[in-house]
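# Examination of the molecular architecture
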Protein chains: 2
Amino acid sequence: MNPPRTLDWIGDTSGFLRLIDQTQLPTQLVYRDCKTVEEVWEAIKLMRVRGARHRHRGGDGRRRRFANLEGSIAEAFRARLRQVADYLGASRPTAVNLFWALERMQRRVADLLDREPPEHLVNVLLDEALAIEEEDRQMCRAIGRVGSALIREGDGVLTHCNAGGLATADYGTALAVMFTAAERGRRFHVFVDETRPLFQGARLTAWELQQRGIDATLICDSVAAQVMKEGRVQIVIVGADRIAANGDAANKIGTYGVAVLAQAHEIPFYVAAPSSTFDLSLAKGDSIPIEQRDPREVTHGFGKQTAPDGVKVYNPRSM
Amino acid sequence: MNPPRTLDWIGDTSGFLRLIDQTQLPTQLVYRDCKTVEEVWEAIKLMRVRGARHRHRGGDGRRRRFANLEGSIAEAFRARLRQVADYLGASRPTAVNLFWALERMQRRVADLLDREPPEHLVNVLLDEALAIEEEDRQMCRAIGRVGSALIREGDGVLTHCNAGGLATADYGTALAVMFTAAERGRRFHVFVDETRPLFQGARLTAWELQQRGIDATLICDSVAAQVMKEGRVQIVIVGADRIAANGDAANKIGTYGVAVLAQAHEIPFYVAAPSSTFDLSLAKGDSIPIEQRDPREVTHGFGKQTAPDGVKVYNPRSM
């Protein structure tokens, strides 16, 4: 099966970014075309597009705006480039890969600013973004190749949140391991934590596994301990939003609990992530920033109020 | 503050059972009057009334039907009594307290059946039900008195599901400990697991704590590990649906995971429950039956579909 592409650059430097609106999954497959930087910013902010790996594609949307800058002087280009990078960075201040990509894009043209015309710089930026995308694809495939041997015939695999194709340019990180194992004919079963508050496991991971015909069972997050106790989980594989220099990994809220439970049940726990997820400026995980998200994600889940008015909520998300 | 009564017998033997429809909380406080055995059965089945402790109040509704049996012979009364008990028992086959109460009600009149007229037997049954209610009230207060010393000034207390007044005749079990500690002037903070899939923590426990002015924060179930790691939880207190002879306790799904996490963080974990929750016929917890609940509780949570069509779901509930 060939699942739909999570995001796609359509056209040349005057083109636009087309992405799956992940807030509409799993009941509707809706594409959104982002033709301005503001639309890209909004897509990241509203989590229409998400995941540790492909936020650098936000860089794509940037090019569209640069295309309007033809004739500007180098200084204006440089200023605008920084302005746009800061703006996009503000859409998700805790996303390390977003900053990694924004920096890489700026670095790519830093030396060229004084000697190349803007129309050429825009082409360079587009090529760089497409190169990042291709590297991402290769990275996903490599993680799949390396990791797939970890899953044995008949295993129960547990995962939390979504580290699949919807979180990368292509194939995912944690899910790449499963996709590759399945392609190699391995049969196994995946337990998918629904991943409150935003249900990325239920909405996205369950959908991706289904798209690829992999046997999966959806569970509430609190059931992970139960299926471990029942001996139905032989391996846990998750993605990561950021990894500190000492190897501490941050991922969606709840991942730490799954890791502690896996240890208590003597189940191996793997983090599948590319090298760009490492943030060597952080000595250990305690320094990884945590953002507080909207309390309504918890109290007004999906369409109905489930908590009394005025209740306090703690809704952290480490990235 | 004097919170509304969870359930109330209104009138004499021709009376009826009035209960809070807990499926409407926390946004609406709706009472339902159950005037037939069928209405009581439905209230238990649909979880309008719930909790380990007060399912025996289902016995109340039974009396109404008996009031129509005046003039029946002892054998018909006995048969009807057994029939109604079996019927009510089928509303929640895993609820040990329900069966405990149904048996107690039958035992109470067993010796009287051949020598007392039905109208007297009905009175005896009503008195017995009211006695159970009063014992329940005393039990809640005793649990509160005994347990309240466990909570120290400034503690963070974590609980899962609802073991409060809404699950008993009066004051709760786990929450009785908190209510009593608060009445004694202790200040502490409660973290309330929302308790997927049915959100009893968010809907009921958060509401009850708010009604009594106790400082509480609602968290997704997967955040329990995080607040433990942050050093914000000094004690975990939960209720129990059933306790085996060796002390193994079954409670809402997710409780086992909380216990493992508490152990890993060296946080004391207490089960607050009355002696009627012990089921000495079970040697250990593995024998406690688990029911599979409707997958739609997970996939169609509260008003919106959050998982793809056709996804497999594992939705166990031990009682």
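Rules and cut-offs
Residues numbered from 1 in each chain as written. Chains lettered and ligands numbered in written order. Predicted model: local features only at pLDDT ≥ 70, side-chain atom pairs only at ≥ 80, totals over all residues. Heavy atoms only, no water. Least-squares fit on C-alpha atoms with pLDDT ≥ 70 in both. Contact = heavy atoms within 4.5 Å. Salt bridge = Lys/Arg side-chain N within 4 Å of Asp/Glu carboxyl O. Helix = DSSP H or I, 4+ residues; strand = E, 2+ residues; numbered from the N terminus. Buried < 20%, exposed > 50% of the residue type's maximum accessible area, 1.4 Å probe, protein only. Domains from an automatic or database assignment. Polar contact = N/O pair within 3.5 Å; in protein donor to acceptor, adjacent residues only side chain to side chain. Nonpolar A, V, L, I, M, F, W, Y, C, P; charged D, E, K, R; others polar. Pairing = 2+ DSSP bridges. Axes fitted to C-alpha atoms, helices over the stretch in contact; angles between N-to-C directions.

### Comments concerning the relation of the copies chain A and chain B
Its rotation angle being 180°, the transformation that places chain A on chain B also includes 0.0 Å of axial translation and leaves an RMSD of 0.0 Å. Here the copies are linked by what is in effect a two-fold axis. Proximity to the rotation axis, assessed at the C-alpha, singles out Gly303 of chain A in chain A; its C-alpha lies 2.6 Å from the axis. Both copies share a contact surface, since 100% of the interface residues of chain A are interface residues in chain B too.

### Notes on the pattern of salt bridges
In total, this model carries 42 salt bridges over all chains according to the counting rule given. A salt bridge links Lys312 of chain B to Asp215 of chain A; the shortest N-O distance between them is 2.5 Å. One end of the pair, Lys312 of chain B, is in strand 13 (residues 312–313); the other, Asp215 of chain A, is in the loop between helix 7 (200–211) and strand 6 (216–219), on a second chain. A relative accessible area of 34% means that Asp215 of chain A is categorised as partly exposed.

### Side note on the side chain of Glu297 of chain A
When you line up the elements, Glu297 of chain A lands in helix 10 (residues 296–299). Ignoring any residue separated from it by four or fewer positions in sequence, one finds Glu297 of chain A in contact with Arg196, Pro197, Leu198, Asn315 and Arg317 of chain A.

### Re the domain arrangement of chain A
Residue and element names in this part refer to chain A. Assigned domains within chain A: domain 1 (7–143) and domain 2 (147–287). Contact residues are listed per partner, giving 25 residues for domain 1 and 28 residues for domain 2. Where domain 1 touches domain 2, the interface holds 0 salt bridges. For the interface between domain 1 and domain 2, the tally reads 3 residue pairs in polar contact (both at pLDDT 80 or more). Those elements that provide at least two residues to the side of domain 1 that touches domain 2 are helix 4 (96–110) and helix 5 (118–147). In terms of residues, the side of domain 1 that touches domain 2 owes the most to one element, helix 5, which gives 7 residues. Tallied by class, residues from the side of domain 1 that touches domain 2 come to 13 nonpolar, 6 polar and 6 charged.

### Quick word on the sheet that holds strand 8 (residues 242–244) of chain A
Residues and elements named next belong to chain A. The sheet built from 3 strands is open, its strands ordered 9-8-11 with mixed pairing. Each edge of the sheet is formed by a strand with only one pairing partner; in this case those strands are strand 9 (249–250) and strand 11 (278–279). Looking at chain direction, strand 8 and strand 9 are connected through 2 bridges and run antiparallel. Counterpart to Ile243 in the pairing with strand 9 is Ala249.

### Digging into the sheet that holds strand 2 (residues 16–20) of chain A
Residue and element names in this part refer to chain A. The 3 strands lie next to each other as 1-2-3, forming an open sheet whose pairing is antiparallel. At either margin of the open sheet sits one strand with a lone partner, and together these are strand 1 (7–10) and strand 3 (31–34). Between one strand axis and the next, the sheet turns through 25° on average, direction left out of account. Judged from the 4 bridges that link them, strand 1 and strand 2 form a sheet pairing that is antiparallel. In the strand pairing of strand 2, Ile10 is matched with Phe16.

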